Amino acid sequence: MKNLTKSELSPLKSIEEWDDDVLKRYPEPGPAKAKDEFRNYDSPEIDGVREFYRLNHKYQTYDNVLAKKANFLKFDKKEMPWWSAMEYLNTLIDESDPDISLDQLQHLLQTSEAIRADGHPDWFVLTGFIHDLGKVLCLFGEPQWNVVGDSFPVGCKFSDKIVYPEFFAANPDNHDERFNTKYGVYTHQCGLDNIHMSWGHDEYLYHITKNYLPEEALYMIRYHSFYSQHRENAYDHLLNAHDKEMFKWVDKFNPYDLYSKSPVTPVVSELKPYYEDLIAKYLPPKVKL
Ligand SMILES: [Fe+2]
Ligand SMILES: [Fe+2]
């Protein structure tokens, strides 16, 4: 990829602005939460989010995905114990944004603790704990739009159910007849395993964990940002019957990701032994990034 300017690498003050924007788009159903429980949105932030989507939709091409897979699925960047990797992810904090109340580890622990409190299986709790580890891509110098953002299939027509669909006009694939038809390079209900998703933290962590976690967990990890499908059913023509069955788990996971922000900050040192045991039960001692 050609040299990107600082504002093209990081249109958002922090990558959490994308998560916050999703929460605005899909607010928690039921009685409205007290307004000041969540962050206020002023217009500079909204402009940053818009610019973020513009760049994401322009640059997430089929070729971008193949190039990122060729690079990052070599897993030759770093190797460390899982807990250290979680701490490494937590170095991703933006000091320029004092408004940020939760760091990465706190978001992950709030998600996983909410799953645990509801009595779900331990692999589901572990999935909640690690689901955003792929955001370490930011620490490897990847632009924000190659790390977070709604994910979607590349290689076929971009759905108008994806947020800011008009920005896809600037994506070269939109003008490439191999890629701009309903099915593009795919076939009717060929199954998501045969489809390339836009590159980001979801797809990356899926490949890191695919040999170790139950399939339900892998669906949650791989498709948790695929809002145009799990909220809008925009790609039913590509999912097979098994995908549809498995998406029940993606749906189960999503509210924990979006709505588990609680005013109580998890105490990392108290929770660490439990999560170290969970990691040891399911994952190898070290993670290759
Ligand atoms: Fe995520
Ligand atoms: Fe998350």
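Whatever comes next refers back to the structure up there.
So, how was this worked out
Residues numbered from 1 in each chain as written. Chains lettered and ligands numbered in written order. Predicted model: local features only at pLDDT ≥ 70, side-chain atom pairs only at ≥ 80, totals over all residues. Heavy atoms only, no water. Donors = N, O, S within 2.8 Å, 3.2 Å for Na, K, Ca; no water. Buried < 20%, exposed > 50% of the residue type's maximum accessible area, 1.4 Å probe, protein only. Helix = DSSP H or I, 4+ residues; strand = E, 2+ residues; numbered from the N terminus. 1 Å grid on protein atoms, 1.4 Å probe; cavity = no way out; pocket = protein on both sides within 12 Å on 5 of 7 lines; lining within 4 Å. Points joined across faces, edges and corners; volume = space filled by probe spheres on them. Nonpolar A, V, L, I, M, F, W, Y, C, P; charged D, E, K, R; others polar. Axes fitted to C-alpha atoms, helices over the stretch in contact; angles between N-to-C directions. Parallel < 35°, antiparallel > 145°, perpendicular 65-115°, else oblique. Contact = heavy atoms within 4.5 Å. Core = buried A, V, L, I, M, F, W, Y, C linked by side-chain atoms within 4.5 Å. Polar contact = N/O pair within 3.5 Å; in protein donor to acceptor, adjacent residues only side chain to side chain. Tetrahedral: all angles 85-135°; square planar, octahedral: opposite > 155°, others 65-115°.

## Let's talk about the coordination of the iron ion (ligand 1)
So, point 1. Donor atoms from the polypeptide that coordinate the iron ion (ligand 1) comprise Asp132 (OD), His201 (NE2) and His224 (NE2), at 2.1 to 2.2 Å from the metal.
So, point 2. Spacing between the donor residues of the iron ion (ligand 1) along the chain follows D-x68-H-x22-H.
So, point 3. For His201, a relative accessible area of 1% gives the class buried.

## Structural notes on unusual backbone geometry
So, point 1. Non-glycine residue Phe75 carries a positive phi angle of around 50°.
So, point 2. Relative to the helices and strands, Phe75 resides in the loop between α4 (62-72) and β1 (79-81).
So, point 3. The backbone phi angle of Tyr164 is positive, close to 50°, even though this residue is not glycine.
So, point 4. Among the structural elements, Tyr164 can be located in the loop between α7 (122-130) and α8 (201-209).

## Quick notes on empty space enclosed by the protein
So, point 1. Under the counting rule described, the total for this entry stands at 4 cavities of 30 Å³ or more.
So, point 2. Each pocket or cavity is described by its volume, and for the largest cavity that value is around 70 Å³.
So, point 3. Considering the residues around the largest cavity, the lining is formed by 13 residues, among which Ser151, Ser198, Trp199, Gly200 and Asp202 are closest to the centre.
So, point 4. Of the residues in the lining of the largest cavity, the class split is 3 nonpolar, 6 polar and 4 charged.

## Looking at the packing of α7 against helix α12 (residues 268-282)
Geometry of a packed helix pair, given as the angle between the helix axes and the separation of the axes.
So, point 1. Contact geometry for α7 and α12: axes closest at 10 Å, N-to-C directions at 110°. Relative to α12, the element α7 lies roughly perpendicular. Mapping the contact onto sequence places Asp122, Trp123, Val125, Leu126 and Phe129 in α7 and Tyr274, Tyr275, Leu278, Ile279, Lys281 and Tyr282 in α12.
So, point 2. Of the residues assigned to the contact of α7 with α12, the class counts are 9 nonpolar, no polar and 2 charged.

## Considerations on the nonpolar core
So, point 1. Counting 87 residues, the largest nonpolar core has Phe129, Ile130, Leu213 and Tyr235 as the members making the most contacts within it.
So, point 2. The leading source of residues in this core is helix α11 (residues 241-259), at 7 residues.
So, point 3. Discounting residues that sit within four places of it in the chain, Leu213 has contacts with Leu126, Thr127, Ile130, Leu218, Ile221, Tyr282 and Leu283.

## Observations regarding the side chain of His131
So, point 1. Structurally, His131 is set in the loop between α7 and α8.
So, point 2. For His131, a relative accessible area of 0% corresponds to the buried category.
So, point 3. Side-chain polar atoms of His131 contact the side chain of His107, separated by 3.3 Å.
So, point 4. A distance of 3.0 Å separates polar atoms of two side chains, one belonging to His131 and the other to Asp132.
So, point 5. Excluding residues that lie within four positions of it along the chain, His131 makes contacts with His107, Leu108, Thr111, His201, Leu205, His224, Phe253 and Asp257.

## A word on the coordination of the iron ion (ligand 2)
So, point 1. Those protein atoms acting as donors to the iron ion (ligand 2) are His107 (NE2), His131 (NE2), Asp132 (OD) and Asp257 (OD), and they sit at 2.2 to 2.3 Å.
So, point 2. Taken together, the 4 donor atoms surrounding the iron ion (ligand 2) define angles of 87 to 172° at the centre, an arrangement classified as irregular.
So, point 3. If you list the donors of the iron ion (ligand 2) from N- to C-terminus, the spacing comes out as H-x23-H-D-x124-D.
So, point 4. In this structure, the iron ion (ligand 2) is positioned 3.6 Å from the iron ion (ligand 1), and both are ligated by Asp132. In this pair, Asp132 sits in the loop between α7 and α8 while Asp257 sits in helix α11, placing the two residues 125 residues apart along the sequence.
So, point 5. According to the relative accessible area criterion, Asp132 is buried, its value standing at 1%.

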